[in-house]
Amino acid sequence: MRRYDCLKAVAPLVGDSLVVTNLANTATEWRAVRPHEGNLYFVGMGMVTPYAAGLAMALPDRRVLALDGDGGILFDLSVLGILGQTAPTNLCVLVLDNEGYASTGGWPSTASLTAAAVDIAAVARGSGIAGACTVRSLDALVAAVEAAWRGAGPSLIVAKVNREQAFVGPTLMDSKENKYRFVRHIEQSEDRIVLRPSSKEHGAPPQADPSASPASGHADFPTSLLEALEENKVDFVVGLPCSGLSAAQALCMKAQSMRY
C-alpha cells in the first residue's frame, strides 16, 4: 500500500476528530487530504501517540486519531502499556509502517526493527490493547478504522505501507501557527479555555496572576507545589521516579483532585 492512498481512505471516516500527525511527509500528505483546524502537524518521534493519548483522556467525548510511524512508536513503546492501563475508548492509533526511515534515504542500514522480528500489533496486544491488528490492504484498513470507532478502544492499527511518498506541496504555516490554530479550534468546539493571555498590561512591571493566592510562608516545597497545581486546575500529572521529588510525587498520588 502507498501511505498517501491510506490517508485518502481514512480521511472520510474521521469527521471532526482531532488528529495528531508525525513528521515530514505524513503531515503534508494528511493536510492535503484533510485540511482542518483540528490537525496538529509535525509532532516529533516518540511523541505522537502520547500527545494523542493525552488529548483523548482530556476530551473523553471527542474522537482522537494518532498518525504515527514505526520509528515513532518504537521510540516509546512504553506508551502502549499506558494505553492498555488507561484505556481511552475514543483513541485510535494508526501506525504507518514502511519498515524503514525514508527521511534518511531508505537505505537497508536504516531499516527499522519492524523489518525483522518486531511485530508492533503483537506488542500492543501484549500491552493490553486487545483489538490491535495489522492490515495490508485499503479495504482492510477502512474496515479496521470503522471498527475502531465502533468499539470500546483504545485501538491500534498497523498499516504496512511501501516507502513511496506523494509530493503535495509544503504546508504554508509553521508549527507555532499550527499550534495556536489547533488550540483555538479545541477552545471553540469544546467551549473551554486552554491558553490564557498574560495578566499584566503592556508596559507594566511583572506581577503574579491576580487570581492566584500567595504560597504560605511556612509551606514546604511539596505542599506548595500541590497547592499550585490544584489552584491551576491541573488534574493529571506524569512523572519519573526521583528521590528529590518523592515527597511531592507522593502528595500528588494521594490527592483526590488529580490522577498521577
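Details of the structure are given in the entry above.
In what follows, the accompanying structure is described. (Residues numbered from 1 in each chain as written. Predicted model: local features only at pLDDT ≥ 70, side-chain atom pairs only at ≥ 80, totals over all residues. Heavy atoms only, no water.)

1. Structural notes on the overall build of the chain
Working step 1: For the chain, the helix and strand inventory stands at 10 helices and six strands.
Working step 2: For the chain, the C-alpha atoms occupy an extent of roughly 65 × 40 × 40 Å along the three principal directions.
Working step 3: Considering the chain as a whole, with its 260 residues, one finds that 39% of them fall into the buried category.
Working step 4: A separation threshold of at least 6 residues defines the contact pool for the chain, and within that pool the share at least 24 residues apart is 67%. (Helix = DSSP H or I, 4+ residues; strand = E, 2+ residues; numbered from the N terminus. Buried < 20%, exposed > 50% of the residue type's maximum accessible area, 1.4 Å probe, protein only. Contact = heavy atoms within 4.5 Å.)

2. Digging into helix H2 (residues 25–33)
Working step 1: For H2, the buried fraction is high: seven of the nine residues fall into the buried class.
Working step 2: Among the residues making up H2, those that are buried are Asn25, Thr26, Ala27, Thr28, Glu29, Trp30 and Arg31.
Working step 3: If you follow the buried residues of H2, they end up packed against helix H1 (3–10), strand E1 (18–21), strand E2 (39–40), strand E3 (64–69) and strand E4 (91–97).

3. A short note on the packing of helix H9 (residues 221–231) against helix H10 (residues 246–254)
Working step 1: Running from amino to carboxyl end, H9 crosses H10 at an angle of 40°, the nearest separation of the two axes being 8 Å. The orientation of H9 relative to H10 falls into the category oblique. For the element pair H9 and H10, the recorded crossing hand is right-handed. Residue-level inspection shows Phe221, Pro222, Thr223, Leu225, Leu226 and Leu229 of H9 in contact with H10, the latter providing Ala247, Ala248, Leu251 and Cys252.
Working step 2: Of the residues belonging to the contact of H9 with H10, the class tally is nine nonpolar, one polar and no charged. (Axes fitted to C-alpha atoms, helices over the stretch in contact; angles between N-to-C directions. Parallel < 35°, antiparallel > 145°, perpendicular 65-115°, else oblique. Left-handed = near helix turned anticlockwise from the far one by under 90°. Nonpolar A, V, L, I, M, F, W, Y, C, P; charged D, E, K, R; others polar.)

4. Remarks on the pairing of E4
Working step 1: Of all seven residues in E4, seven are buried; the element is thus mostly enclosed.
Working step 2: The pairing of E3 with E4 spans six bridges and is parallel. Bridge pairing in E4 places Ala66 opposite Val93. (Pairing = 2+ DSSP bridges.)

5. A look at the sheet that holds E4
Working step 1: Within the open sheet, the six strands sit side by side as E2-E1-E3-E4-E6-E5. Their pairing is parallel. Unpaired on one side and paired on the other, E2 and strand E5 (133–135) mark the two borders of the sheet.
Working step 2: As judged from the six bridges shared by E4 and strand E6 (residues 155–160), these two strands associate in the parallel manner. Among the inter-strand pairings, Cys92 is bridged to a residue of E6, identified as Ser155.

6. What to know about the nonpolar core
Working step 1: Ranked by size, the top nonpolar core spans 29 residues in total, and within it Leu91 and Leu156 carry the most contacts.
Working step 2: For this core, the element with the most residues is helix H3 (residues 48–58), which contributes five residues.
Working step 3: Once you skip the residues sitting within four places of it in the chain, Leu156 turns out to touch Leu80, Val93, Val95, Ile120, Ala121, Ala124, Ile129, Gly131, Ala132 and Cys133.
Working step 4: Residues Cys6, Ala27, Leu67 and Val135 belong to the second largest nonpolar core, which totals 24 residues. (Core = buried A, V, L, I, M, F, W, Y, C linked by side-chain atoms within 4.5 Å.)

7. A closer look at the state of the cysteines
Working step 1: Counted by the stated rule, this structure contains zero disulfides.
Working step 2: Cys6 takes part in no disulfide bond, and the closest cysteine sulfur to it belongs to Cys133, at a distance of 12 Å.
Working step 3: A relative accessible area of 0% places Cys6 in the buried class.
Working step 4: Left without a disulfide partner, Cys133 is nearest to the cysteine sulfur of Cys92, which lies 8.6 Å away. (Disulfide = S-S within 2.5 Å.)

8. Here's the deal with the pairing of E3
Working step 1: Counting buried positions over the six residues of E3 gives six, a clear majority of the element.
Working step 2: The alternating pattern of E3 places Val64, Ala66 and Asp68 and Leu65, Leu67 and Gly69 on opposite faces, both of which are buried.

9. A few points about the side chain of Asp70
Working step 1: If you trace the backbone, Asp70 turns up in helix H4 (residues 70–75).
Working step 2: Look at Asp70: it is buried, it has no salt bridge, and the nearest opposite charge is Arg163 at 7.1 Å.
Working step 3: There is a polar contact of 3.3 Å between the side chain of Asp70 and the backbone nitrogen of Glu99.
Working step 4: Once residues lying within four places of it in the same chain are set aside, the contact partners of Asp70 are Val95, Leu96, Asp97, Asn98, Glu99, Gly100, Ser112, Thr114 and Ile120. (Lys, Arg positive; Asp, Glu negative; His and termini not counted. Salt bridge = Lys/Arg side-chain N within 4 Å of Asp/Glu carboxyl O. Polar contact = N/O pair within 3.5 Å; in protein donor to acceptor, adjacent residues only side chain to side chain.)

Purely spatial values, then, with no claim about function.
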